[in-house]
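Listed below are the residues making up each chain.
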Amino acid sequence: MAESQLWILVAIFAGIVSVGVATWLYIWVNRQDAGSEQAQEVASWIREGASTYLRRLYLALALVAVALGIIIAIVFSFDIEYLGIEAAVINPLRGITMALAFVAGAMCSAVAGYMGMSVAVSANVRSATAANESINRAFRVAFYAGSVMGLAMVGLAVIGMGTIYLFTGDPEIILGFSFGASALALLAKAGGGIYTKTADIAADLVGKVEIGIPEDDPRNPAVVADNVGDNVGDVAGMGADIFDSYVASTVAAMLLGASLFANDAPLQARYVLFPLILCTLGIVASLIGIRLVQVGKSGNPGRALNRGTIITCAIFTVLVAAVVLLGGYSLGVLWATLAGLVTGVVIGFTSDYYTSSNFHPVIETARVSGSGAAINIITGYSFGLVSIVPSIMGIVVATLLSYYLAESSGISGIYGVGISAVGMLSISGMIVSADAYGPIVDNARGIAEMAGMSQEVIDTTDVLDAAGNTAKAITKGFAICAAALTVLALFAAYAEVVEARGVELVISLREPVVVAGVLLGAITPPLFSALTMLSVTRNAFDMIEEIRRQFNERPGILAGTEPPDYAACVDLAAQGSLSSLVIPAFLAIVLPVLVGIILGPEALGGFLGGSIFTGVIFALLMSNAGGLWDNAKKFIESGEFGGPGSEAHKAGVVGDTVGDPFKDTAGPSLNTLITVMSLVSSMFAPIIAAFHLF
């Protein structure tokens, strides 16, 4: 027990160090030169818009968190240990503890997201200003700002999980913490995605296609809302998304350790804690890796980001091997960790192949765009379908390797799968740092254009932005595949929790209720995608009308003699995104409980299986196809196949408009959706096991 408590304290200390470094970087970034008065004014528009939206979002989510917290406190006050006991034990303390853990998870996710967004809207103008000096300086400002998000996220997650386990010793309470993080992540990611694509689509269709003005032109009334969206969607939203998977994978493995090693208390204590140990080692590796990321003489920011990821992985591997070998753990957990880690990196770089302008899919899609938007869309969609194959193969390989290597070493194969998910996500500090860098340099490029900076600065920020697009594509592929392994582990945890309550879970396709559950689960991700994308099109329509109104009623805007009303578009995007979250939240949180209570635990198991299969496939298709269309358009804008203003460019803009809600709204939200549904099922499994109709 002394060893277990020591590791918990080490984990909490590592989390505090991570948050401390994030705070120091936050201060360092804010001390950098903020540039000219005009640049600062443009940056202030973006900062005010992003802060206003997040305040509205978090106020709404706070009300949701309080309501769910009260429900959780009531439901979990009835402690159902085993179905053989006819009357449940009333234990209000457990209910309150679970509710507090839920609220703490939501708060930690919100704080990490807000810190990341806050430094991002401060760093964008500073990165653009630093581009006057050198690409290395500009990259450093943007990457260190992104690191605030990465380090704050993993630090707060480990502090939260470690503290709860230190005081309760119960992994099921940490499940409440994970559910809080996931519920907020789903709404933050979906809301941010709807916001950013509403503005992006409206700005592109009116500005580029109808009027013919360039991207980030200050005359476009939607340009500020578009830049705000980069922060609320790609920084705060994606950070909450990875936070969700990071915590969920850890708690799933801890639950499996508690259940599978229940007959051996010392062994149980060691393997329940092992996922938290992996997170601790991942923090150490990320801190070192982030410090070593530098552009250097090559002037290639993409290479610097990739090198940082590889260095972090290498350091993490050495640390895990040392702990396993010196700590007397089974080699099975080492192989499972490495299987997840290597697969995550390989899948991430596979996503790069299908979304980068350096490779055939993007170049071919750009080439055929001269034949019109229809050919562009068909080609991009087809490559998106093909891109599913290597990622799914990677998930299959990681699952089989982690299962059988763990089994061959005397450890449960299911536990091995859970550990592989944690291994993949342990270096999230580095992964999120690279991802958050993307929208920061995207904003820097926009500010450089809007503030009238030199062409040399714009060209430098273009190079930084290209690397940021690639980093975002890699992170999305990584996050989706990590979520797939996470929900597989949560699926196993759900089964263990149900069977621990005396229900023998037999999920067979020969049972009608299981088939019904599979079909209901399979339709949920497509329905969720449709609802979020319809929200984008509905809100974008309203914003397009607003942009046209401003251009028609105020000719001085296009003439450059009067400024547009940016605030009107910012408000439209904010109001539309928040009002669109009700039904998606119902699908994620309420639907699994209804399926379980009405159709029973076996049907809910089928529901989770169906949602996992279609959720992962749709998420990969949408994220990769959307990224491909985006970079095909940018490849044409670089002067290829006719360049800006050509027929190919117009087709590319239409394709990118279709891809925007694919890659930034529906696709990345699906991995959070399936995680939330799996967490809800595991959390309410004791209730469902005791009370169901079929």
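Procedures and definitions
- Along every chain, residues carry numbers that run from 1 in the direction the sequence is written.
- Per-residue local features of the predicted model are confined to residues with pLDDT of at least 70, and side-chain atom pairs are confined, for both listing and counting, to 80 or more; whole-chain, interface and lining totals are unaffected and use all residues.
- Side-chain measures here rest on the full set of heavy atoms in the structure, leaving out hydrogens and waters.
- Any Lys or Arg side-chain nitrogen found within 4 Å of a carboxyl oxygen on Asp or Glu counts as a salt bridge.
- Exposure is judged per residue with a 1.4 Å probe applied to protein chains only, and the accessible area is read against the type maximum: over 50% gives exposed, under 20% gives buried, and values in between give partly exposed.
- Strands here mean DSSP runs of E at least two residues long; helices mean DSSP runs of H or I at least four residues long; both are numbered from the N terminus.
- Residues count as neighbours in contact if any of their non-hydrogen atoms are within 4.5 Å of one another.
- Each Phe, Tyr or Trp ring (for Trp, its six-membered ring) is paired with any other whose centre lies within 6.5 Å, and the angle between the two planes then decides the class: stacked below 30 degrees, edge-to-face above 60, tilted in between.

Peer 1: Describe the pattern of salt bridges, naming the residues involved and giving the relevant values.
Peer 2: In this structure the tally under the stated criterion is 11 salt bridges. The closest approach of N and O atoms between Arg 554 and Glu 562, which form a salt bridge, is 3.2 Å. Judged by its relative accessible area of 25%, Arg 554 is partly exposed. Owing to a relative accessible area of 29%, Glu 562 belongs among the partly exposed residues under this scheme. The partner of Asp 630 in a salt bridge is Lys 633, with the nearest N and O atoms 3.9 Å apart. On the criterion of helical spacing, the pair formed by Asp 630 and Lys 633 is a turn pair, its members being 3 residues apart in helix 20 (residues 601-637). The exposure class assigned to Asp 630 is buried, which follows from its relative accessible area of 10%. Here the salt bridges share partners, and the residues they tie into one network are Asp 630, Lys 633, Lys 634, Asp 656, Asp 660 and Lys 663.

Peer 1: So what's going on with helix 10 (residues 360-368)? Residues and values would help.
Peer 2: Since there are 3.6 residues in each turn of an α-helix, residues three or four apart along the chain are aligned in direction. Taken together, the buried positions of helix 10 are Pro 361, Val 362, Glu 364, Thr 365, Ala 366 and Val 368. Buried residues along helix 10 sit in contact with helix 9 (331-355), helix 11 (373-408) and helix 20.

Peer 1: So what's going on with the environment of Val 570? Residues and values would help.
Peer 2: By the element assignment, Val 570 lies in helix 17 (residues 566-579). You can call Val 570 buried: its relative accessible area is 9%. Between the alpha carbons of Val 570 and Leu 670 there is a distance of 25 Å; along the sequence they are 100 residues apart. Once you skip the residues sitting within four places of it in the chain, Val 570 turns out to touch Gly 49, Tyr 195, Val 224 and Ala 225.

Peer 1: Residue-level account of the environment of Val 514, with values.
Peer 2: Tracing the sequence through the fold places Val 514 in helix 15 (residues 512-553). Residue classification places Val 514 among the buried residues on the basis of a relative accessible area of 1%. Spatially, the C-alpha atom of Val 514 lies 38 Å from that of Thr 196, the residues being 318 residues apart in sequence. Those residues in contact with Val 514, other than ones at most four positions away along the chain, are Val 506, Ile 507, Ser 508, Leu 509, Glu 602, Ala 603 and Gly 606.

Peer 1: Run through the packing of aromatic side chains, naming residues and quoting values.
Peer 2: Here the structure, examined in full by the defined rule, presents 13 aromatic pairs. Ring geometry for Phe 102 versus Phe 179: centroids 5.2 Å apart, planes at 45 degrees, classification tilted. Here Phe 179 lies in helix 5 (residues 171-211) and Phe 102 lies in helix 3 (residues 92-130), a separation of 77 residues in the sequence. Since its relative accessible area comes to 1%, Phe 179 is described here as buried.

Peer 1: If you had to explain unusual backbone geometry to someone new, which residues and values would you point to?
Peer 2: In the Ramachandran plot, Phe 641 falls in the positive-phi region, its phi being about 55 degrees despite a non-glycine side chain. With respect to the element layout, Phe 641 can be found in the loop between helix 20 and helix 21 (647-683).

Peer 1: Report on the side chain of Thr 250, specifying residues and quantitative values.
Peer 2: As for its position among the elements, Thr 250 is in helix 6 (residues 223-260). Residue class for Thr 250 comes out buried when judged on its relative accessible area of 0%. Apart from the residues lying within four places of it in its own chain, the contact partners of Thr 250 are Met 161, Pro 275, Leu 276, Cys 279 and Val 422.

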